[in-house]
Amino acid sequence: MFESEIVMASKDVATKKYMRNPVIFADFFNGLIYGGRQVIDWATLEEIDTSMLSIIPTGNRKSKSVQKFRDIIKKSIIMKNDKIFYAILGIENQSDIHYAMPVRDMLYDALGYMRQVEEISVFNKIEGKCSADSYLSGFTKTDKLIPVVTVTLYWGDKSWDAPTSLQEMLTDVDDAVRPFINDYNINLFSIIDCEQLPSFSTELRELFSILNTRNDKTRMYELVQTNNKFTNLQRDTAELIRDFASVKLPRKNSGGGYNMCKAVMELKQEGIDLGLQQGIQQTHLRDIKNITNKLGVSIDEALKILEIPENEWEKYKSMLE
């Protein structure tokens, strides 16, 4: 496995672990769907097996098994206006852009519905609830499915430019055929592309805010200086900032958290120091060229004249080649 693949796998594990936390999971969907209102109670979330396995008939009395593993999937109870609703909520984390995401998410959702049909069918046959018409499928006229909602959560630093619907993936389509093609749209949440983040009540707010500004260091510096929550973040949040925004993880502070405001400002100072160092190097290079051209001396003699330490000579010589 290449180093880049190892890093990617490490990031994938970290994002799955973070978003699987029921408090974070509920906050994500409350912010995304309900504008921050606490409609989904994290305590009522039920973890579902992420392995999606189904047997699909292929003809001639043959069948093919299909197994996919989802990132995170939970059954939720939604309390709204004294009514109870149920939904199966899933998150697919993406560190990189996936150009076939509509097909991938469509398959996940289809397998989610297929699992429900199979479970209901088994129950109905055991309980003797099937009529002659429904016995083959095991699914009766009154049976209903719980809706499946999948959100693709994109963590990358490049703007998402992949298809967000099945239609966008298709080749040229005959206009007469198009009305008969069922489309599928993904629910994409691209952190880097958000113009306005949803209302989150957990550290998702700080995490997504800083990742949203990672390509604009000025905005990042301003962000951490105007929100004191960045001075005491939990380790798992701080580690994701380190991994996706290239900010060094500081030592744990006296309060038990991590001061990412200080870490970001140190990153700014490192940038300033690097700029100064590069400026000094460019000045030295210009002076070396002037001395060798005007005085007709060697590069070594020019380096001596400028009193540049000998341990830096090779660096300047390689830059002049």
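Please refer to the structure placed before this passage.
Everything in this summary refers to the structure shown in the same document.

1. With respect to the overall build of the protein
So, step 1. Along the protein, the regular secondary structure elements total nine helices and seven strands.
So, step 2. Relative to all contacts within the protein whose residues are 6 or more apart in sequence, the contacts with residues 24 or more apart total 58%.
So, step 3. Put simply, the protein shows about 19500 Å² of open surface, and 52% of that area lies on carbon and sulfur atoms.

2. Quick look at helix α3 (residues 101-127)
So, step 1. Compared with an ideal rise of 1.5 Å per residue, which puts 27 residues at 39 Å, α3 spans 39 Å between its outermost C-alpha atoms and is within 8% of the ideal.
So, step 2. Within the sequence span of α3, burial applies to Met101, Pro102, Asp105, Tyr108, Asp109, Leu111, Gly112, Arg115, Gln116, Ile120, Ser121 and Asn124.
So, step 3. Within two residues after α3, glycine 128 carries a phi angle of roughly 70 degrees, on the positive side.

3. What to know about the environment of arginine 37
So, step 1. As for its position among the elements, arginine 37 is in the loop between α2 (22-34) and β1 (46-47).
So, step 2. Sequence-wise, arginine 37 and aspartate 27 are 10 residues apart; in three dimensions their C-alpha atoms are separated by 9.0 Å.

4. Comments concerning helix α6 (residues 235-245)
Because each turn of an α-helix spans 3.6 residues, side chains separated by three or four positions end up pointing in the same direction.
So, step 1. Where α6 is concerned, the buried positions are Thr237, Ala238, Leu240, Ile241, Phe244 and Ala245. The arc enclosing the buried residues of α6, seen along the axis, measures out at 160 degrees, which places them on a common side.

5. Details of a nonpolar patch on the surface
So, step 1. A cluster of nonpolar side chains, contributed by Met79, Ile84 and Tyr86, occupies part of the molecular surface with about 310 Å² of accessible area.
So, step 2. Residue tyrosine 86 is classed as partly exposed on the basis of its relative accessible area of 42%.

6. Here we look at the side chain of serine 190
So, step 1. Structurally, serine 190 is set in strand β7 (residues 187-190).
So, step 2. Overall, serine 190 belongs to the buried group, its relative accessible area being 6%.

7. A short note on the nonpolar core
So, step 1. Judged by nonpolar contacts, the single largest core of 44 residues is most densely connected at Met19, Phe28, Leu153, Trp155, Phe189, Phe208 and Ile210.
So, step 2. Looking at this core, the element that brings in the most residues is α2, giving six residues.
So, step 3. Every residue in contact with tryptophan 155, bar those within four places of it in the chain, is listed here: Thr15, Met19, Asn93, Gln94, Ser95, Ile191, Leu207, Phe208, Leu211, Arg214, Leu240 and Phe244.
So, step 4. Residues Ile97, Met101, Tyr154 and Ile186 belong to the second largest nonpolar core, which totals nine residues.

8. Some remarks on the pattern of salt bridges
So, step 1. Per the stated rule, a full pass over the model turns up 11 salt bridges.
So, step 2. Here aspartate 109 makes a salt bridge to arginine 70, at a shortest N to O gap of 3.9 Å. Linking aspartate 109 in helix α3 with arginine 70 in the loop between β3 (62-69) and β4 (72-80), this pair joins segments that are 39 residues apart in sequence.
So, step 3. Linking glutamate 239 and arginine 235 is a salt bridge whose minimum nitrogen-to-oxygen distance equals 2.7 Å. Taken together, the residues span about one helical turn, with glutamate 239 and arginine 235 both in helix α6 at a distance of four residues.
So, step 4. Taking relative accessible area as the criterion, glutamate 239 reaches 23% and is therefore assigned partly exposed.
So, step 5. According to the relative accessible area criterion, arginine 235 is partly exposed, its value standing at 41%.

Definitions and cut-offs
- Residues numbered from 1 in each chain as written.
- Predicted model: local features only at pLDDT ≥ 70, side-chain atom pairs only at ≥ 80, totals over all residues.
- Heavy atoms only, no water.
- Helix = DSSP H or I, 4+ residues; strand = E, 2+ residues; numbered from the N terminus.
- Contact = heavy atoms within 4.5 Å.
- Areas by Shrake-Rupley, 256 points an atom, 1.4 Å probe, with all protein chains shown as cover.
- Expected span 1.5 Å × (residues − 1).
- Buried < 20%, exposed > 50% of the residue type's maximum accessible area, 1.4 Å probe, protein only.
- Arc of directions from axis to C-beta.
- Patch = residues over 30% accessible without salt bridge, like charges linked within 9 Å, V, L, I, M, F, W, Y side chains within 5 Å.
- Salt bridge = Lys/Arg side-chain N within 4 Å of Asp/Glu carboxyl O.
- Core = buried A, V, L, I, M, F, W, Y, C linked by side-chain atoms within 4.5 Å.

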